[in-house]
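Architecture and fold: a report
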Amino acid sequence: MATSPPGAAPLQRDQAIERNDADAVEAALAASGDASAFERLYRAHVARIHSLVRRMLDDQDADEVTQDIFVRAWQKLGTYRGEAAFGTWLHRLAVNVILGQRQRLGQRRERFLPDDSALEVVAGRSQPPEAALDFEAAIARLPDGARQVFVMHDVEGYRHEEIAGFLGLAVGTSKSQLHRARMALRRHLNG
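To start, this report covers the structure provided alongside it.

Calculation criteria
- Residues numbered from 1 in each chain as written.
- Predicted model: local features only at pLDDT ≥ 70, side-chain atom pairs only at ≥ 80, totals over all residues.
- Heavy atoms only, no water.
- Helix = DSSP H or I, 4+ residues; strand = E, 2+ residues; numbered from the N terminus.
- Buried < 20%, exposed > 50% of the residue type's maximum accessible area, 1.4 Å probe, protein only.
- Contact = heavy atoms within 4.5 Å.
- Areas by Shrake-Rupley, 256 points an atom, 1.4 Å probe, with all protein chains shown as cover.
- Expected span 1.5 Å × (residues − 1).
- Phe/Tyr/Trp six-rings, centres within 6.5 Å; stacked < 30°, edge-to-face > 60°.

**Observations regarding the overall build of the protein**
- For the protein, the count of helices and strands is ten helices and zero strands.
- Ordering the α and β elements of the protein from the N terminus gives α-α-α-α-α-α-α-α-α-α.
- When burial is assessed residue by residue, the protein has 42% of its 191 residues classed as buried.
- A separation threshold of at least 6 residues defines the contact pool for the protein, and within that pool the share at least 24 residues apart is 66%.
- About 10,300 Å² of surface is accessible on the protein, with carbon and sulfur atoms providing 48% of the total.

Spelled out as structure tokens, the structure:
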């Protein structure tokens, strides 16, 4: 079995079976070097992780960042202790990788806007009302900061305190960005 960092007890196969958690069993097998078990975990979780990446980054980066997340998961499997569901552990790791990617791309400083000027671009609908509505496209048109907070809060279910911790901003800023995103989406969708 892979070595664990100090203070992290590895998930034992017997504990995982006792919990009757299929992902925990697969994670324990994968941590011991079973590539087939990791492939099963990958197949079970790739769609949700890819969707998260697409919502928080540009579509052009989604495939590469999703791949990076699973590479990092493979490397960090020894730190999974089974205290939370594997999907929860993977999701948190994914958010950390996504935020790191945004920081590396230099987008962090441009993420939050002092005013609503850029949000006005989202307000109008460029297609006739009878055209099909594409919610994903509306989300993608939001400015980065508003989009991140909206996805993390309304789509993924994080609380403002958690979002503020992830993104390094005040709770009030998170709430403000969420409000702006919702208003811009409402104007766009009702347009």
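**Brief notes about helix α8 (residues 144-155)**
- Helix length check: α8 (twelve residues) gives 15 Å between terminal C-alpha atoms against 16 Å at 1.5 Å per residue, within 8%.
- Looking only at α8, the buried set comprises G145, A146, R147, Q148, V149, F150, V151 and M152.
- Elements that come into contact with the buried residues of α8 comprise α3 (35-56), α5 (86-104), α7 (135-140), α9 (160-167) and α10 (171-190).
- Following α8 by one or two positions, G157 adopts a phi angle in the positive range, close to 85°.

**Quick word on the side chain of R147**
- Within the secondary structure, R147 sits in helix α8.
- On the basis of relative accessibility, which here comes to 3%, the residue R147 falls in the buried class.
- Residues in contact with R147, not counting those within four places in the same chain, are R55, M56, L57, D58, R102, I139, A140 and L142.

**Observations concerning the packing of aromatic side chains**
- Inspection of the entire model under this criterion finds seven aromatic pairs.
- On the basis of an interplanar angle of 70° and a centroid distance of 4.7 Å, the ring pair of Y42 and F70 is categorised as edge-to-face. Residue Y42 is located in helix α3, and its partner F70 is located in helix α4 (residues 59-76); the two are separated by 28 residues in the primary sequence.
- Note on F70: relative accessible area 5%, which makes it buried.
- Arranged with centres 5.4 Å apart and planes meeting at 90°, the rings of Y158 and F166 form a pair that is edge-to-face. Each of the two residues, Y158 as well as F166, counts as buried.
- In textbook terms, an aromatic cluster arises when at least three aromatic residues are bridged by ring pairs, as seen for F38, Y42, F70 and W74.

Everything listed is a geometric property; what it means functionally is a separate question.
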